[in-house]
Structures are given as structure tokens and as C-alpha cells.
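Below, each chain spelled out in residue letters.
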Amino acid sequence: MSFPEGFLWGAATAAYQVEGAANEDGRGPSIWDTFSHTPGRVYRGDTGDVACDHYHRVEEDLDLMAEIGLKAYRFSVAWPRVQPEGSGPANQKGLDFYRRLVAGLRERSIEPMLTLYHWDLPQALEDRGGWTSRQTSERFAEYAALVYEALSDSVSYWITLNEPWVAAWMGYGLGVHAPGHRNSEKALSATHHLLLGHALALEAMRSSGNGNRLGVTLNLSPVRAASAETADAEAARRVDGNANRLYLDPLFRGSYPQDVLEHYRNTSDFSFVREGDLQRIAAPIDFLGVNYYMCHTIRAEAGGGARELPIGMRFSDLGAETVLPEGVRTTAMGWPVEPDGLTEILVRVKEEYRDLPVFVTENGCAIYDYVDPEGEVNDFERVSYLREHFRAAQAAIERGVDLRGYMVWSLLDNFEWAEGYSKRFGLVFVDYGTRRRIPKDSARWYAEVIRRGDLEG
Ligand code: GBH
């Protein structure tokens, strides 16, 4: 079976991970500049100062996209390029970069998909409370309006937020991402203000009235209990509440899940949730973006755990921990490879929440890529990973999911947040000494899939 006609095969990146040029053309500092320049926060002290130098190599990167035959490209706009201080009039030089990028995409018939927020909050706003402040939601809507005014004629797909769970919990709860707070009350308040920011931005963009499609991207993971024990099932339900329902319920049902509110009743009084907020958050979206990487297999926290787990997987405050299911492969991130979870989560959104157009806005894997003596990158593991996940997407389509496109994470190897440059997700290898780009075998394989429109061969 083939993918639907017009299916948007694409690849994704995010501003801070690829652009570099951190101090050019009026860009202000973001929380990720501050965080990455704080010793001990990012592996080996890596920063996004130069990254892939995409800001200066955008023409070359556009040509690479065309070579692969991408039908779509998902990128994010750096808020601190547009508003160096997080408020006030637009910095035209910042907007110009994205105007050039979008024009280059259009020339090559590649559909742009724009994300307004992929975690690079202007530092000036963090200094006033960041996402724990309601003001930030309002500033975000103003920023969205500026970008929309500049690009709504040339960009049809708009994503307000990338992964509010990660921004809130990894940034404000677990402290492993910028701004590095470790406080669940802050993570809950950040969650609400991110969702409110999404709502206000959507209102601002809708009010200029044109036919563009507006949505939001969530990272979603099926959650499975590690055993039939009641304690494990309860722990799995808590993780599902925190990771999935805390975002899906307000967006599609206009309410926070009762069990999650109950779980955190001693952590927060939720006074940041004001009358009318949830109704606004539940305003209809035109599509949902789903970033899928893995399932969570959960057991009740054992205490004195048998092995070290990556910090994010401890799900602080949930009395739960992740286990690696028997016989499951892992990627270089240590994440389990579970393609059927993609089918499951897409079907769940349709059956439990809403049957709406969906995009896989990210999926991909890190492996230990290297350039062989022939100058090639033979990433057959990435090819199998992608093939299996494309099949899982196909299975979801067969089960009635209205899947419109698939963005592979990522076009390029890039700054992998707390892991710095040590983890490579790209279809294209980046030599960080010279910034030379080398398309991997997976890029050629993907080009073939796109050309043929099916997975055979
Ligand atoms: C995406 O995040 C990001 O959007 C992208 O910028 C990034 O480069 C890419 O993935 C690869 O990391 O919470 O640690 O228990 C994905 C983030 C990964 C968060 C899986 C939840 C579950 C493991 N998600 N993670 S953990």
C-alpha cells in the first residue's frame, strides 16, 4: 500500500540546534545561550554559538533538501532573533533570515512548516519569571503576531509550540534543560502558561483571518505497565497522566485530568489557572503535530534502582521509573525502539480525543555515525528504524488516522540539547570541524522512498 497522494514527506530542525550566529544581526540571548554557557549543564560544555552554521549556509542546506526531494521542511523561528528582549517591535534583520529561508523553500517547491517556539525563550523574559509567569503567555502572542504578519502569505502550516511537556518538565521540573529549575510547582505553572500562550497566539493569528492551518506539536508516548501488578499499573497511569493527558485533555476537552490535579494537590494550588483559560486552550486546532520517539514501560519506583537510568526517565514525583522491556533494541540515546507505539498513539488520539489531520512532526534516532574510509556514512540502523516507523505510520493510516505528513528528525546532525554534539540524529552528517555536510546512506534511502511514494524495495 502506498501513502496518500500529496503526503508531505519532510525533515525537521530547530533554530537553536542548527543556526549558530548567536550574536549576529541583533539576536538577543535566549535561555539556551545562558544554560549552555553555564559549566556543567551541557555535555562537554558544547553550546549553540556556531552549531551547524545553518544561518550562513542556508542556501547549501536548501540544496540538500532539494537533493533528497523533501516535500516539506519543518523549522523553528528563534524568538530572540525577532524580539531580542522578548517584547517590542520586530528586529527586521531577524525576520529577513526566515523570509529568505521560506523563499528558498518555495523556489524548490518544498512546503514550509513553521514552529514558533522550540524552547529558545528570550533570556529577558526568563529574568521576569519565564513560563511561570502569565506575562510570558501574553508576550508569546505578541511575538506570534509579528511573525505571522511577516510570513502568513508564504507559510501555510503554523505550529505554536514544540513539546510543551519538555519545555515545562525538563526545563522547570527536572532541571536538565534550560532554564534549569528543579521544581514541580514551577513545571505545572509553566505547563499552564505554555498552553495559554498557545491559545493566545492562536487567537492572534486567527484574527488576521486567512486560510492557513494552525496547530501545536506534542511529544506523545504510549505508557505500558511493566507487569500485571496493581502498583505498576497505577504508576503507569500516573506517568500517562503527566506525559500525555496533561496536554491532550486541556487541548481537546478543555479540562485538566482529575487524577493529575489530585496527584499534585500538595504541590500546587493551581491558582494560576484562571476562569476562562481552559475554554480558550481548547479552541479548535486545524491539525495536531505528534513527535514520537518511544514508549514508556513503567514500574512503581523500587528505590535503590537496579541500574542508572537517564535522569528524564525517573519521572520525579510520580513514584515511577522506566524499565527496558525484554528483547527491545535501544538507540544511542538509550531509548527503546518500539515502532508499534507510533501506530498506537496515533490511533489513541483519533479514538479518545479527536479525528483531525495529524502530522508526525518528528521521528528519528541517534546512532553512533562515523565517516568510513570511503567518505561514506553507512547508517543502516537508521534506515531500518525509519522503515519500521514508516510502516507503523502506514498501519495508522489503514486504521483511519488522517495522517498528512511525516517529518524525519533531523535533516542535519545538530546540537542535541543537554547531550551537545555527542548525539547524531541527522540524515546528513555534519563534520563539526569544517561544518561540511555529508549525506548519509539514510538520506539516499529516504530520497528513494519519497520518489516512489512507497516502502517497497
Ligand atoms: C525532541 O524531543 C525535540 O523536539 C528535538 O529538539 C530533539 O532534538 C529530539 O527530540 C531528539 O531528542 O523524558 O527522558 O524520560 C524529544 C524529547 C524524548 C522527551 C523522549 C521525552 C522520553 C524520555 N522527548 N523523552 S525521558
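Small disclaimer: the values here were computed from a predicted structure and weren't measured.

Some details on unusual backbone geometry
Consideration 1: A cis geometry characterises the amide bond from Ala-178 onward to Pro-179, with omega recorded as 5 degrees.
Consideration 2: Summarising the element assignment, Pro-179 is placed in the loop between helix H8 (164-173) and helix H9 (184-207).
Consideration 3: Omega for the bond connecting Trp-409 with Ser-410 falls within 30 degrees of zero, at 10 degrees, which places this linkage in the cis form.
Consideration 4: Within the secondary structure, Ser-410 is located in the loop between strand E11 (403-409) and strand E12 (428-430).
Consideration 5: Located in the positive-phi region is Arg-44, a residue other than glycine, with phi close to 60 degrees.
Consideration 6: Of note, Arg-44 is situated in the loop between helix H2 (31-36) and helix H3 (58-68).
Consideration 7: Overall, Arg-44 belongs to the exposed group, its relative accessible area being 70%.
Consideration 8: The backbone of Trp-119 sits at a positive phi, close to 85 degrees, despite the residue not being glycine.
Consideration 9: Judged by relative accessible area, which is 7%, Trp-119 ranks as buried.

Structural notes on the site of the ligand
Consideration 1: Taken together, the neighbourhood of the ligand is formed by 21 residues, with Gln-17, His-118, Glu-362, Glu-416 and Trp-417 sitting nearest.
Consideration 2: His-118 is positioned such that a nitrogen or oxygen atom in its side chain is 2.8 Å from an oxygen atom of the ligand.
Consideration 3: Measuring from an oxygen atom of the ligand, one finds a side-chain N or O atom of Glu-416 at 2.6 Å.
Consideration 4: Within the complex, the protein chains bury 94% of what would otherwise be the 560 Å² of accessible surface of the ligand.
Consideration 5: When its residues are assigned to classes, the shell around the ligand shows eleven nonpolar, seven polar and three charged.

Concerning the nonpolar core
Consideration 1: Core analysis: the biggest nonpolar cluster contains 139 residues, and Trp-32, Tyr-117, Trp-158, Leu-288, Leu-346, Phe-390 and Tyr-446 have the highest contact counts within it.
Consideration 2: Not counting residues up to four positions away in its chain, the partners in contact with Leu-346 are Val-290, Val-358, Val-360, Ala-396, Val-401 and Leu-403.
Consideration 3: Membership of the second largest hydrophobic core comes to 18 residues, among which are Ala-14, Met-113, Met-294 and Trp-335.

As for the sheet that holds E11
Sheet strands line up and pair through hydrogen bonds in the backbone, either parallel or antiparallel.
Consideration 1: Read around the closed barrel, the eight strands follow the order E1-E2-E3-E4-E5-E7-E10-E11; overall the barrel is parallel. Taken over all neighbouring pairs, the strand axes of this sheet differ in orientation by 25 degrees on average, direction set aside.
Consideration 2: In the sheet, strand E1 (residues 8-12) pairs with E11 via five bridges, with the strands oriented parallel. Among the inter-strand pairings, Leu-8 is bridged to a residue of E11, identified as Gly-405.
Consideration 3: Sitting on the sheet, helix H10 (residues 230-253) touches strand E5 (213-219) and strand E7 (287-291), and the angle it makes with E5 is about 160 degrees.
Consideration 4: Relative to E1, helix H15 (residues 441-452) is tilted by about 155 degrees, and along the sheet it contacts E1 and E11.

Examining the pairing of strand E3 (residues 111-117)
Consideration 1: Among the seven residues that make up E3, seven are buried, leaving the element largely enclosed by the rest of the structure.
Consideration 2: Relative to E3, strand E2 (residues 72-76) runs parallel, the two being bridged by five bridges. Bridge assignment links Ala-72 to a residue of E3, and that residue is Glu-111.
Consideration 3: Where E3 lies against strand E4 (residues 157-162), four bridges are found, and the strand directions are parallel. Within E4, the position partnered with Met-113 by the bridge is Tyr-157.

Thoughts on the packing of aromatic side chains
Consideration 1: For the structure shown, the criterion picks out 41 aromatic pairs.
Consideration 2: With a centroid separation of 4.7 Å and an interplanar angle of 55 degrees, the aromatic rings of Trp-32 and Trp-417 are classed as tilted. Here Trp-32 is found in helix H2, whereas its partner Trp-417 is found in the loop between E11 and E12, with 385 residues between them in sequence.
Consideration 3: Residue classification places Trp-417 among the buried residues on the basis of a relative accessible area of 4%.
Consideration 4: Taken together, a centroid distance of 6.1 Å and an interplanar angle of 75 degrees make the contact between Phe-415 and Trp-417 edge-to-face. Judged on exposure class, the residue Phe-415 and its partner Trp-417 are both buried.

Brief notes about the side chain of Glu-338
Consideration 1: Within the secondary structure, Glu-338 is located in the loop between strand E9 (320-322) and helix H13 (340-353).
Consideration 2: Apart from the residues within four sequence positions on either side, Glu-338 is in contact with Arg-224, Tyr-292, Cys-295, Thr-297, Pro-325, Val-328 and His-389.

A few points about the UniProt feature "active site" (unreviewed entry) in the protein chain
Consideration 1: Residues annotated by UniProt as "active site" (unreviewed entry) correspond here to Glu-163 and Glu-362. Spanning 200 residues, the named residues nonetheless gather at one spot, since no C-alpha pair among them exceeds 10.5 Å.
Consideration 2: Within the secondary structure layout, Glu-163 lies in the loop between E4 and H8.
Consideration 3: On the accessibility criterion, Glu-163 (6% relative accessible area) is buried.
Consideration 4: Those residues in contact with Glu-163 that sit more than four places away from it in its chain are Trp-119, Thr-217, Leu-218, Asn-219, Asn-291, Tyr-293 and Glu-362.
Consideration 5: Within the secondary structure, Glu-362 is located in strand E10 (residues 358-363).
Consideration 6: Those residues in contact with Glu-362 that sit more than four places away from it in its chain are Ala-12, Arg-74, His-118, Asn-162, Glu-163, Val-290, Asn-291, Tyr-292, Tyr-293, Met-407 and Trp-409.

Cut-off values and rules
Residues numbered from 1 in each chain as written. Predicted model: local features only at pLDDT ≥ 70, side-chain atom pairs only at ≥ 80, totals over all residues. Heavy atoms only, no water. Helix = DSSP H or I, 4+ residues; strand = E, 2+ residues; numbered from the N terminus. Buried < 20%, exposed > 50% of the residue type's maximum accessible area, 1.4 Å probe, protein only. Near = heavy atom within 4 Å. Polar contact = N/O pair within 3.5 Å; in protein donor to acceptor, adjacent residues only side chain to side chain. Areas by Shrake-Rupley, 256 points an atom, 1.4 Å probe, with all protein chains shown as cover. Nonpolar A, V, L, I, M, F, W, Y, C, P; charged D, E, K, R; others polar. Core = buried A, V, L, I, M, F, W, Y, C linked by side-chain atoms within 4.5 Å. Contact = heavy atoms within 4.5 Å. Pairing = 2+ DSSP bridges. Axes fitted to C-alpha atoms, helices over the stretch in contact; angles between N-to-C directions. Phe/Tyr/Trp six-rings, centres within 6.5 Å; stacked < 30°, edge-to-face > 60°. UniProt positions renumbered as here; feature names shortened; annotations may be inferred.

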